[in-house]
Amino acid sequence: MAYAWHPYARPELDGEGYVVSQLTTGLFYRVSGPIVELLSQMPFEDFPQAADAWRRRTGASEADSVSVEKTWRRLCAAGLVVVAPEGVVHAAAMPP
(Lines give C-alpha, C1' and ligand atoms only; values in the text may rest on other atoms or scores of the structure.)
Protein backbone atom coordinates (compact mmCIF):
# COMPACT_ATOMS: atom_id res chain seq x y z
CA MET A 1 0.00 0.00 0.00
CA ALA A 2 1.08 3.57 -0.61
CA TYR A 3 -0.19 7.06 0.12
CA ALA A 4 -1.21 8.89 -3.03
CA TRP A 5 -3.60 11.55 -4.23
CA HIS A 6 -7.20 10.34 -4.33
CA PRO A 7 -8.11 9.30 -7.88
CA TYR A 8 -10.70 12.12 -7.97
CA ALA A 9 -8.37 14.80 -6.63
CA ARG A 10 -6.54 16.79 -9.24
CA PRO A 11 -3.40 18.43 -7.80
CA GLU A 12 -1.74 21.15 -9.86
CA LEU A 13 1.43 22.99 -8.89
CA ASP A 14 0.73 26.71 -8.83
CA GLY A 15 3.74 28.82 -7.98
CA GLU A 16 4.40 28.19 -4.30
CA GLY A 17 2.05 25.27 -3.74
CA TYR A 18 -0.71 23.05 -4.98
CA VAL A 19 -4.23 23.90 -6.01
CA VAL A 20 -6.20 20.70 -5.59
CA SER A 21 -9.63 20.28 -7.09
CA GLN A 22 -11.75 17.55 -5.58
CA LEU A 23 -13.84 16.36 -8.50
CA THR A 24 -16.47 14.57 -6.39
CA THR A 25 -17.41 17.71 -4.44
CA GLY A 26 -16.34 20.55 -6.71
CA LEU A 27 -14.25 22.06 -3.91
CA PHE A 28 -10.81 23.57 -4.41
CA TYR A 29 -8.02 23.55 -1.84
CA ARG A 30 -4.80 25.55 -1.75
CA VAL A 31 -1.90 23.72 -0.16
CA SER A 32 1.22 25.75 0.53
CA GLY A 33 4.10 25.86 2.93
CA PRO A 34 6.68 23.27 3.89
CA ILE A 35 4.46 20.30 3.03
CA VAL A 36 4.61 21.04 -0.71
CA GLU A 37 8.06 19.51 -1.10
CA LEU A 38 6.96 16.38 0.80
CA LEU A 39 3.79 16.01 -1.29
CA SER A 40 5.87 16.16 -4.45
CA GLN A 41 7.49 12.91 -3.28
CA MET A 42 4.23 10.92 -3.35
CA PRO A 43 3.49 8.11 -3.64
CA PHE A 44 5.25 6.82 -0.54
CA GLU A 45 4.45 3.88 1.70
CA ASP A 46 4.85 5.36 5.16
CA PHE A 47 4.15 8.97 6.12
CA PRO A 48 6.30 9.06 9.29
CA GLN A 49 9.24 7.57 7.39
CA ALA A 50 8.78 9.99 4.47
CA ALA A 51 8.44 12.93 6.88
CA ASP A 52 11.64 11.91 8.70
CA ALA A 53 13.54 11.71 5.41
CA TRP A 54 12.12 15.13 4.45
CA ARG A 55 13.24 16.62 7.80
CA ARG A 56 16.78 15.31 7.36
CA ARG A 57 16.96 16.40 3.71
CA THR A 58 15.63 19.94 4.28
CA GLY A 59 16.80 20.65 7.83
CA ALA A 60 13.20 21.59 8.71
CA SER A 61 12.51 23.28 12.02
CA GLU A 62 10.27 21.78 14.68
CA ALA A 63 7.57 24.31 13.78
CA ASP A 64 7.74 23.24 10.12
CA SER A 65 7.49 19.58 11.15
CA VAL A 66 4.40 20.27 13.26
CA SER A 67 2.84 22.26 10.40
CA VAL A 68 3.50 19.42 7.95
CA GLU A 69 1.93 16.82 10.24
CA LYS A 70 -1.18 18.97 10.83
CA THR A 71 -1.59 19.67 7.14
CA TRP A 72 -1.10 15.98 6.32
CA ARG A 73 -3.89 15.01 8.73
CA ARG A 74 -6.18 17.62 7.17
CA LEU A 75 -5.49 16.34 3.65
CA CYS A 76 -6.25 12.78 4.74
CA ALA A 77 -9.42 13.84 6.60
CA ALA A 78 -10.62 15.73 3.51
CA GLY A 79 -10.07 12.59 1.44
CA LEU A 80 -7.51 14.23 -0.84
CA VAL A 81 -4.75 11.81 0.13
CA VAL A 82 -5.60 8.13 0.50
CA VAL A 83 -3.96 4.76 0.98
CA ALA A 84 -4.08 3.00 -2.36
CA PRO A 85 -4.07 -0.80 -2.52
CA GLU A 86 -0.79 -2.35 -3.62
CA GLY A 87 -0.23 -1.87 -7.32
CA VAL A 88 -2.89 0.84 -7.62
CA VAL A 89 -1.36 4.31 -7.36
CA HIS A 90 -3.02 7.39 -8.78
CA ALA A 91 -0.73 10.28 -9.65
CA ALA A 92 -3.63 12.42 -10.82
CA ALA A 93 -7.37 12.23 -11.15
CA MET A 94 -9.21 10.03 -13.56
CA PRO A 95 -12.14 11.71 -15.28
CA PRO A 96 -15.43 11.22 -13.42
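Residues numbered from 1 in each chain as written. Predicted model: local features only at pLDDT ≥ 70, side-chain atom pairs only at ≥ 80, totals over all residues. Heavy atoms only, no water.

Draft legend 1. The arrangement of the pattern of salt bridges in detail. Tallying each qualifying case throughout the model produces 4 salt bridges. Salt-bridge contacts for Asp14 lead to Arg30; the nearest nitrogen and oxygen are separated by 3.1 Å. With Asp14 in strand 2 (residues 9-14) and Arg30 in strand 4 (residues 27-32), the pair connects residues that are 16 residues apart, well separated along the chain. A residue is classified by how much of its surface remains accessible, and Arg30, at 56% relative accessible area, is exposed. A salt bridge links Asp52 to Arg55, with the nearest nitrogen and oxygen atoms 2.4 Å apart. A residue pair is termed a helical-turn pair when its members lie 3 or 4 positions apart in one helix, as Asp52 and Arg55 do in helix 2 (residues 47-58) at 3 residues. (Salt bridge = Lys/Arg side-chain N within 4 Å of Asp/Glu carboxyl O. Helix = DSSP H or I, 4+ residues; strand = E, 2+ residues; numbered from the N terminus. Buried < 20%, exposed > 50% of the residue type's maximum accessible area, 1.4 Å probe, protein only.)

Draft legend 2. Inspection of the sheet that holds strand 3 (residues 17-22) at higher detail. Here 3 strands make up an open sheet; going across it, the order is 2-3-4 and the pairing antiparallel. Lying at the two open borders of the sheet, with one neighbouring strand each, are strand 2 and strand 4. Pairs of neighbouring strands in the sheet enclose a mean axial angle of 20°, with direction left out of account. For strand 2 and strand 3, the ladder comprises 6 bridges, and the chain directions are antiparallel. The residue bridging Leu13 from the neighbouring strand is Tyr18, located in strand 3. (Pairing = 2+ DSSP bridges. Axes fitted to C-alpha atoms, helices over the stretch in contact; angles between N-to-C directions.)

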